[in-house]
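# Close look at the chain arrangement
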Amino acid sequence: MRSLIFRAIITFGLNALNGKTVEEGNTSFGPANATLVAKGSWDYSIAESFIRYTVNKGYNVFAWALGNELGGIAIDLFMDADQYARDTIALRRLVREIYRAKMRAPQIMAPDDLFEPDWFQQYLEKSQGSLNIISQHIYNLGDLIRTL
């Protein structure tokens, strides 16, 4: 009898809001163009600890994803493209530093959001090639926020 070997491809999502403040604000994106806005730099200390843990355990992580539905057409909380890009660059530097002598570095994935062309263009221009995978959400059944 032949044994089966299953391999999982693991991607971890990191909290992109750690260290940020949340303020009311207006954006040109999102429902009704008014939303809560996340401001300030990402505090990556918890993410760094978790990434180092996975490396020390020898876990083969395929990708690190930063945030979820924070830009583009934000649902409840918005982050501007410039800040999201700076935080993505910080993640890329962190991953390179941690993995440099250990093993092949995982992919960097973001922004994991609904597509809004102007926001995505700004984000990709400012992120300076720090991404390997561009992720987005597609809800083929429609936007529940606008229909409720």
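The preceding data block contains the structure.
The sections below set out a description of the structure shown in this document.

Procedures and definitions
- Residues numbered from 1 in each chain as written.
- Predicted model: local features only at pLDDT ≥ 70, side-chain atom pairs only at ≥ 80, totals over all residues.
- Heavy atoms only, no water.
- Helix = DSSP H or I, 4+ residues; strand = E, 2+ residues; numbered from the N terminus.
- Buried < 20%, exposed > 50% of the residue type's maximum accessible area, 1.4 Å probe, protein only.
- Contact = heavy atoms within 4.5 Å.
- Areas by Shrake-Rupley, 256 points an atom, 1.4 Å probe, with all protein chains shown as cover.
- Salt bridge = Lys/Arg side-chain N within 4 Å of Asp/Glu carboxyl O.
- Pairing = 2+ DSSP bridges.
- Axes fitted to C-alpha atoms, helices over the stretch in contact; angles between N-to-C directions.
- Core = buried A, V, L, I, M, F, W, Y, C linked by side-chain atoms within 4.5 Å.
- Phe/Tyr/Trp six-rings, centres within 6.5 Å; stacked < 30°, edge-to-face > 60°.

Tallying secondary structure elements over the protein chain gives four helices and seven strands in all. Ordering the α and β elements of the protein chain from the N terminus gives β-β-β-α-β-β-α-β-α-β-α. Here the protein chain, with 148 residues, has 42% of them falling under the buried criterion. Within the protein chain, contacts between residues separated by at least 24 positions form 68% of all contacts whose residues are at least 6 apart in sequence. Here the protein chain has roughly 9300 Å² of accessible surface; of this, 52% comes from carbon and sulfur atoms.

Before going further, it helps to spend a moment on the pattern of salt bridges. Summed over the entire model, instances satisfying the criterion amount to four salt bridges. Residue Lys20 pairs with Asp87 through a salt bridge whose shortest N-O separation is 2.7 Å. With a gap of 67 residues between them, Lys20 in the loop between strand 1 (10-14) and strand 2 (21-26) and Asp87 in helix 2 (residues 81-99) connect regions that are remote in the sequence. For the pair shown, Lys20 and Asp87 are each scored as buried. A salt bridge links Asp82 to Lys126; the shortest N-O distance between them is 3.4 Å. Within this pair, whereas Asp82 is found in helix 2, its partner Lys126 is found in helix 3 (residues 117-126), the two being separated by 44 residues in sequence. Look at Lys126 and you get partly exposed, because its relative accessible area is 42%. Residues joined in a network through salt bridges with shared partners are Glu48, Arg52 and Glu97.

Turning our attention to the sheet that holds strand 6 (residues 107-114). Spatially, 1-4-6-7 is the arrangement adopted by the four strands of the open sheet, whose pairing is parallel. Edge positions in the open sheet fall to strand 1 and strand 7 (133-137), since each of these has one partner strand only. Averaged over neighbouring strand pairs, the angle between their axes works out to 30° when direction is ignored. Judged from the five bridges that link them, strand 6 and strand 7 form a sheet pairing that is parallel. Opposite Met109, over in strand 7, you have Ile133 as the bridge partner. In the packing of helix 2 onto the sheet, contacts are made with strand 1, strand 4 (61-66) and strand 6, and the angle to strand 4 comes to roughly 150°. Where helix 3 meets the sheet, its contacts fall on strand 6 and strand 7, and the angle it forms with strand 6 comes to roughly 160°.

Moving on, we get to the nonpolar core. As a rule of thumb, soluble globular proteins bury nonpolar side chains together. In terms of nonpolar packing, the biggest core is built from 29 residues, with Leu14, Ile51, Trp64, Leu91, Tyr99 and Tyr123 touching the most fellow members. Sorting the residues of this core by element identifies helix 1 (45-57), strand 4, strand 5 (77-78), helix 2, strand 6 and helix 3 as the ones contributing at least two each. The contacts of Tyr99, once residues within four sequence positions are left out, are Ile51, Thr54, Val55, Val61, Trp64, Arg104, Ala105 and Pro106.

What follows covers the packing of aromatic side chains. Summed over the entire model, instances satisfying the criterion amount to nine aromatic pairs. For the pair Tyr53 and Tyr59, a centre-to-centre distance of 6.2 Å together with 70° between the ring planes defines the contact as edge-to-face. Here Tyr53 falls in the partly exposed class, since its relative accessible area comes to 42%. Classification of Tyr59 as partly exposed rests on a relative accessible area of 37%. Look at Trp119 and Tyr123: their rings are 5.2 Å apart centre to centre, the planes differ by 10°, and that puts the pair in the stacked class. One end of the pair, Trp119, and the other, Tyr123, are both in helix 3, four residues apart, so they sit about a helical turn from each other. Since its relative accessible area comes to 0%, Trp119 is described here as buried.

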